[in-house]
Amino acid sequence: MRVALRELRRRPGRFGVATGVLTLITTLLVFLGGLLDGLFLGSTGAIRAQDADVLVYSAFSRDSFLRSRIGPELRQEVERVPGVEETGGLGLALVAARVPGEEEPADAAVAGYQLAPEGVPPTPPPGEAWADRRLEADGVRVGQTLLMGPAEVPIRVRGWVEDTSYLLQGTLWVAPETWRRVQSLSRPDAAVAPGVFQVLAVRGEGDPADLARAIEAGTGGRTSALTLDEAVFSLPGTAQQNRVFTGIIGATLLVAVLVVGLFFVLLTLERTGLYGVLKAIGASSRQLFAGVVAQAVVVTAVAVALGTALAVLLALAVPPEVPLQLEPARAGITALGMLAAALVGSIVSLRRVVRIDPATAIGSAT
Amino acid sequence: MSAALDLEDVRKVYRAGEGEVVALSHATLQVGEDEIVALLGPSGSGKTTLLSIAGGLLAATAGRVLVGGRDISGATPGELTRFRREQVGFVFQAVNLVPFLTARENLLVVDEIGGRRKGPESRARADRLLEELGLAHRAGNLPGQLSGGERQRVAIGRALMNEPRLVLVDEPTSALDTRTGTQVMELIRTEVKGRGTAAVIVTHDTRMTRWADRTLHIDDGVLSAVPAAGPEGGDAEA
C-alpha cells in the first residue's frame, strides 16, 4: 500500500484525469444536493419548526392547509382524546406583500399560530409579525409595515426568525385574528370564521404515530392526523421533488462508480507487468489490491475536497432566487457517497489483479 | 545439509490444442548451498520454464521440487507467494524495477511486502547492499536516472534483500554491453558467493558461463551437462 501511495505522490499527473472528472462529479453532486435541500428546507420550514407531535387536518382535506378546517367543536373532540396534552390552532394564507421602497411585491405566507414553533417567539400583538429571514432578500426590513394582499392589510415586522419558510415563501408569524383578516380579505371565498383554524398542532405523550391514530379514532374519522414527518411530505410536490433529486443523485453516484472502475481497470491493465514482478517477489493479490483501493480512495478524497470547494465558490455566483442551500451535513453525505463509489469502483479491478500471473515476470523483456 | 535446489524428475507439459508440448522433460538437478549454475540454451529450450518452476512461479506437471529441503511441488498459490517472499531472490531479464521508486526504495519494497524488517533496520540493510554494489551515491535516484548497468545492480540488490536461499537470474546481460555485462556477472558472483547463497543463471551468452561453477545445457526441455571451465575450474554435471 505504501508503494501505491508513493506513486500517487511521485506521479500525481497520472491520476489527473480521474481526479478532474471526479472533482466535477462532486461539484455536480454538491449542487444537486444543495438544490434538493434548498427546495426541501425552503418548502417545509413552517412545518418542521412546529413544536408539536402531531398535526390534525379535517378529513377529506387530503392533508392540505388550504382545504382543511378545524372548528371549536372538533377541536374539543381532539382535546378529549387520551394522550393529547395541548393543542394550538394554525392557519396559513399565501399572499403578495407590498414592501415599502420595492417595486416588486414579495411572495409571503401569513401564519396565524397559538403554540409557538421552535425559534419563533410567542404570538405577537394583532397587526404585527415575526418575519422569516428569507423575506430580507425581497427588501423587507425590521420595523417596516407590509401591505398584505389586495386589501392591503398592514402588518408590521417586529423581528426575524430563521428557517420557517413555506413553499419557498417567507412566513410572517402573526396572531390568529391577523391571519383570519388577511385570509378573509384576500380570499373571501375561503374566509375563516372566528375560532376556526385550518390545522391543529397537538402536543401529547407517547409515540406520535400512536397519538395520531388515537386522534383519528377518537374523532370518529372526522380528522386526518399526521406526525410532523408525514405532514412535511404531504406538502404539495415535496415527496416528488425528493424522489426525483434522489434518483438524479443516485445516477450521478453510479457514474462516479463507473469512472473509478474504468480508470483503475485501465491502470491495472497498464501495470500488468509491474504487478507480475511484484507478485514474483512475493506480493500477494491482497496487497496489490489494497494499493489500488488506497489510490482510489485518496484520488476520490482529493476530488471531493476540490469539488466541494469549487461548488462553494460557484454557489456565490448563483442568483438568490435559485433555491440553493449548501448544508454541511449534505456535503458529508456526498463525501461518504463518493468514497463508497471509490470502494465499489475499485472492486472492478480485483479480478484483474488476481488473474495477473507472476510467471509473466520471467522471460519477459518488455 | 540439504541442497539449495533439488529437482527430481520434473516434467512440465503444456496443452496445445489436441496435443501436448513438453517444455521440461524429466529434469533432475541439484544445486549446492553456495553453488552457481549457468543454464545455457536457445530460445524456447525450456530454460525459463525450469527457472519459473524452481522459483515457485509455475507448478510442475510431475516430479518433485525442493528448495532448501522444502518440497514446494504441491504448495498452494498462497504458500508459493510466501515461499518466493522468503526463500528466493529474482533478477529479471528486463530488470523491472518499480519506476517511481528510488534505488533504495526498490530494495525496501521487498521488506514492505514481506514485513520481515521494520524502518531503520530495513533501511540499514538496503544502504549496506547499495554500498556493496557501489550504488550508495545513487540511492536516491529513480530508475530512469540510472544507467542500464546501475539498474541491473539495483535489481541484484533487490534479489538479495530478503537473504534468499536461492537466487534465480534471468538473462542478466542481455540488455547490456559486454563490459557492463562482465561487471554485472562479476558482481553477481561476488555477492552470491560472499553470502553462501546458491544461484541459477539463465543465459544464452556462452561468455558469461565462466562465472558459474557449473554449466548445464538445455534443449527441447532436456537438461544435459556441458564441460565449462568456471573461475574455480572443474567440469559440471547435471
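Whatever comes next refers back to the structure up there.
A brief report on the enclosed structure follows. (Residues numbered from 1 in each chain as written. Chains lettered and ligands numbered in written order. Predicted model: local features only at pLDDT ≥ 70, side-chain atom pairs only at ≥ 80, totals over all residues.)

Along chain B, the regular secondary structure elements total 6 helices and 10 strands. The C-alpha atoms of chain B give a radius of gyration of 17 Å, which matches the 18 Å a tight globule of 238 residues would have. Taking the principal axes of the C-alpha coordinates as reference, chain B spans close to 50 × 40 × 40 Å. For chain B, buried positions account for 52% of its 238 residues. Here the analysis covers contacts within chain B between residues at least 6 apart in sequence; of these, 67% occur between residues at least 24 apart. (Helix = DSSP H or I, 4+ residues; strand = E, 2+ residues; numbered from the N terminus. Rg over C-alpha atoms; globule rule 2.2 N^0.38 Å. Buried ≥ 20, exposed ≤ 12 C-beta atoms within 10 Å, placed from the backbone. Contact = placed C-beta atoms within 7 Å.)

Next up on the list: the interface of chain B and chain A. Facing the 23 residues of chain B at the interface are 22 residues of chain A. Per-element tally for the side of chain B that touches chain A: the top contributor is helix H3 (residues 103-114) of chain B, with 5 residues. Tallied by class, the residues present in the side of chain B that touches chain A amount to 12 nonpolar, 7 polar and 4 charged. (Nonpolar A, V, L, I, M, F, W, Y, C, P; charged D, E, K, R; others polar.)

Residue and element names in this part refer to chain B. Pairing is mixed across the open sheet formed by 6 strands, whose spatial order is E6-E7-E8-E3-E9-E10. Where the open sheet ends on each side, the last strands, each with one partner, are strand E6 (88-91) and strand E10 (222-225). Strand-to-strand, the axes of this sheet are offset by a mean angle of 20°, without reference to chain direction. When strand E3 (residues 36-40) meets strand E9 (residues 214-219), the two strands line up parallel, connected through 4 bridges. Pairing of Ala38 across the sheet is with Thr215, part of E9. (Pairing = 2+ DSSP bridges. Axes fitted to C-alpha atoms, helices over the stretch in contact; angles between N-to-C directions.)

The next thing to look at is the environment of Val154(B). Residues and elements named next belong to chain B. In this fold, Val154 is placed in helix H5 (residues 148-160). For the pair Val154 and Arg104, spaced 50 residues apart in the sequence, the C-alpha separation amounts to 8.3 Å. Other than its neighbours up to four places away in sequence, Val154 contacts Leu97, Ala103, Asn106, Leu135 and Leu146.

On to the nonpolar core. Ranked by size, the top nonpolar core spans 106 residues in total, and within it Leu5(B), Leu39(B) and Val200(B) carry the most contacts. Once you skip the residues sitting within four places of it in the chain, Leu39(B) turns out to touch Lys47(B), Leu50(B), Val200(B), Ile201(B), Val202(B), Leu216(B) and Ile218(B). Residues Val78(A), Ala97(A), Val99(A) and Tyr113(A) belong to the second largest nonpolar core, which totals 56 residues. (Core = buried A, V, L, I, M, F, W, Y, C linked by C-beta atoms within 7 Å.)

A few words now on the packing of helix H1 (residues 2-10) of chain A against helix H9 (residues 285-315) of chain A. Residues and elements named next belong to chain A. Put simply, H1 and H9 touch, their axes get as near as 8 Å, and they point 40° apart. Relative to H9, H1 is oriented oblique. H1 and H9 meet at a crossing whose hand is right-handed. Contacts from Val3, Ala4, Leu5 and Leu8 of H1 reach H9 at Gly291, Ala294, Gln295 and Val298. Within the contact of H1 with H9, the residues separate by chemical class into 6 nonpolar, 2 polar and no charged. (Parallel < 35°, antiparallel > 145°, perpendicular 65-115°, else oblique. Left-handed = near helix turned anticlockwise from the far one by under 90°.)

A packed helix pair is summarised by two numbers, namely the angle formed by the two axes and the spacing between the axes. Residue and element names in this part refer to chain A. Contact pair helix H2 (residues 16-48) / H9: the axes reach a minimum separation of 7 Å and the direction vectors enclose 50°. Regarding the angle of H2 to H9, the classification is oblique. For the pair H2 and H9, the crossing hand works out as right-handed. Two secondary-structure elements touch here, H2 through Ala18, Thr19, Leu22, Thr23, Leu24, Ile25, Thr26, Thr27, Val30, Phe31 and Gly34 and H9 through Val299, Thr300, Val302, Ala303, Val304, Leu306, Gly307, Thr308, Leu310, Ala311 and Ala315. Looking at the contact of H2 with H9, its residues break down into 14 nonpolar, 8 polar and no charged.

The next subject is the pairing of strand E7 (residues 166-170) of chain B. All names here are of chain B. With 5 of its 5 residues buried, E7 lies for the most part within the structure. Burial of E7 is two-sided: the residues Leu166, Leu168 and Asp170 facing one way and the residues Val167 and Val169 facing the other way are all buried. Pairing of E6 with E7 involves 4 bridges; the strand directions are parallel. Residue pairing for E7: Val88 is matched across the bridge by Leu166. Sheet topology note: the E7/strand E8 (residues 198-203) ladder contains 5 bridges and is parallel. What sits directly across from Val169, in E8, is Ile201.

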